[in-house]
Amino acid sequence: CDVSSGINAEYGVSIDEVSIEHDFVGIKNMTEKEQGMRGWTLTKVSGDETLEYKFPSKASIGPGQMIKVFSGNSGATHNPPLNLVFKKLDSWANSVDLEIRLKNSEGEVVSTYKAKAESSTEYLEEGDQRACSVM
């Protein structure tokens, strides 16, 4: 699949990993200070469908740490502060066109992830060297 990502370096927090196999999006703090996530959102845009996850008010990411936001069907356990579950979302990758946006508490997009697959099942093929991830 074709993948592109964008990061606003001003914030030091970005979408660092999208795991199709384990059905999560990883948000990483690349600064040396803790980042509170109150008011931040993670949005999945897929065709005409938009689903928004609001981080819990007490959520924060320590320096160099990553929060993983799993889909509701991933089988993951909600285990704050670093493993969160987006219960309303069936899967991060169930469409041909996928866009994920991380917005800060001011509503500014600080990081984006975009992927386009040949089919909605391309993301799920095991061992596919073209698996979608952000590096």
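Nothing here was measured: the structure is a model prediction, and the numbers come from that model.

**Brief notes about the overall build of the chain**
Consideration 1: What the chain contains, in helices and strands, is 0 helices and 11 strands.
Consideration 2: Within the chain, the fraction of its 135 residues that count as buried is 42%.
Consideration 3: Carbon and sulfur atoms provide 43% of the accessible area of the chain, an area that totals close to 7,500 Å².

**Regarding the packing of aromatic side chains**
Consideration 1: What the rule picks out here adds up to 4 aromatic pairs.
Consideration 2: Ring centres 5.2 Å apart and planes at 55° place the aromatic pair Phe24 and Phe70 in the tilted group. With Phe24 in strand β3 (residues 24–29) and Phe70 in strand β8 (residues 66–71), the pair connects residues that are 46 residues apart, well separated along the chain. One exposure class covers both Phe24 and Phe70, and it is buried.

**Section: the environment of Glu17**
Consideration 1: Among the secondary structure elements, Glu17 is positioned in strand β2 (residues 13–19).
Consideration 2: In sequence terms Glu17 and Ile27 are 10 residues apart; their C-alpha atoms lie 7.1 Å from each other.

**Concerning the nonpolar core**
Consideration 1: Judged by nonpolar contacts, the single largest core of 27 residues is most densely connected at Ile15, Ile27, Met37, Leu42, Phe55, Ile100 and Leu102.
Consideration 2: Going through the elements one at a time, β2, β3, β8, β9 (83–86), β10 (97–103) and β11 (109–116) are the ones with two or more residues in this core.
Consideration 3: Other than its neighbours up to four places away in sequence, Ile27 contacts Val13, Ser14, Ile15, Met37, Leu42, Phe55, Ile61, Gln65, Met66, Ile67 and Leu102.

**Details of the pairing of strand β5 (residues 41–46)**
Consideration 1: β5 sits mainly inside the fold: 6 of its 6 residues count as buried.
Consideration 2: Taking every second residue as pointing to the same face, both faces of β5 are buried, with Thr41, Thr43 and Val45 on one and Leu42, Lys44 and Ser46 on the other.
Consideration 3: Alignment of β5 against strand β6 (residues 49–54), held across 6 bridges, turns out to be antiparallel. Counterpart to Leu42 in the pairing with β6 is Tyr53.
Consideration 4: Where β5 hands over to β6, the hairpin turn is made up of 2 residues, of which Gly47 adopts a positive phi near 65°.

**Here's the deal with the pattern of salt bridges**
Consideration 1: The tally for this structure, following the rule as stated, stands at 1 salt bridge.
Consideration 2: A salt bridge links Glu99 to Arg101; the shortest N-O distance between them is 2.9 Å.
Consideration 3: Judged by its relative accessible area of 16%, Glu99 falls in the buried class.

**Things to note about the environment of Lys28**
Consideration 1: Mapping Lys28 onto the fold places it in strand β3.
Consideration 2: Distance in space between the C-alpha atoms of Lys28 and Ser14 is 5.5 Å, their sequence separation being 14 residues.
Consideration 3: When residues no more than four places from it in sequence are discounted, the contact partners of Lys28 are Gly12, Val13, Ser14, Asp16, Gly64, Gln65 and Met66.

**Concerning the sheet that holds β2**
Consideration 1: Judged by pairing direction, the sheet is mixed, and its 4 strands sit side by side in the order β2-β3-β8-β9 without closing on themselves. Both outer strands of the open sheet, β2 and β9, are each paired with one neighbouring strand and no more. The sheet shows a mean angle of 25° between the axes of neighbouring strands, direction not considered.
Consideration 2: With 4 bridges joining them, β8 and β9 adopt parallel strand pairing. In the strand pairing of β9, Ser71 is matched with Phe86.

Cut-off values and rules
- Residues numbered from 1 in each chain as written.
- Predicted model: local features only at pLDDT ≥ 70, side-chain atom pairs only at ≥ 80, totals over all residues.
- Heavy atoms only, no water.
- Helix = DSSP H or I, 4+ residues; strand = E, 2+ residues; numbered from the N terminus.
- Buried < 20%, exposed > 50% of the residue type's maximum accessible area, 1.4 Å probe, protein only.
- Areas by Shrake-Rupley, 256 points an atom, 1.4 Å probe, with all protein chains shown as cover.
- Phe/Tyr/Trp six-rings, centres within 6.5 Å; stacked < 30°, edge-to-face > 60°.
- Core = buried A, V, L, I, M, F, W, Y, C linked by side-chain atoms within 4.5 Å.
- Contact = heavy atoms within 4.5 Å.
- Pairing = 2+ DSSP bridges.
- Salt bridge = Lys/Arg side-chain N within 4 Å of Asp/Glu carboxyl O.
- Axes fitted to C-alpha atoms, helices over the stretch in contact; angles between N-to-C directions.

On their own, these measurements won't tell you what the molecule is for.
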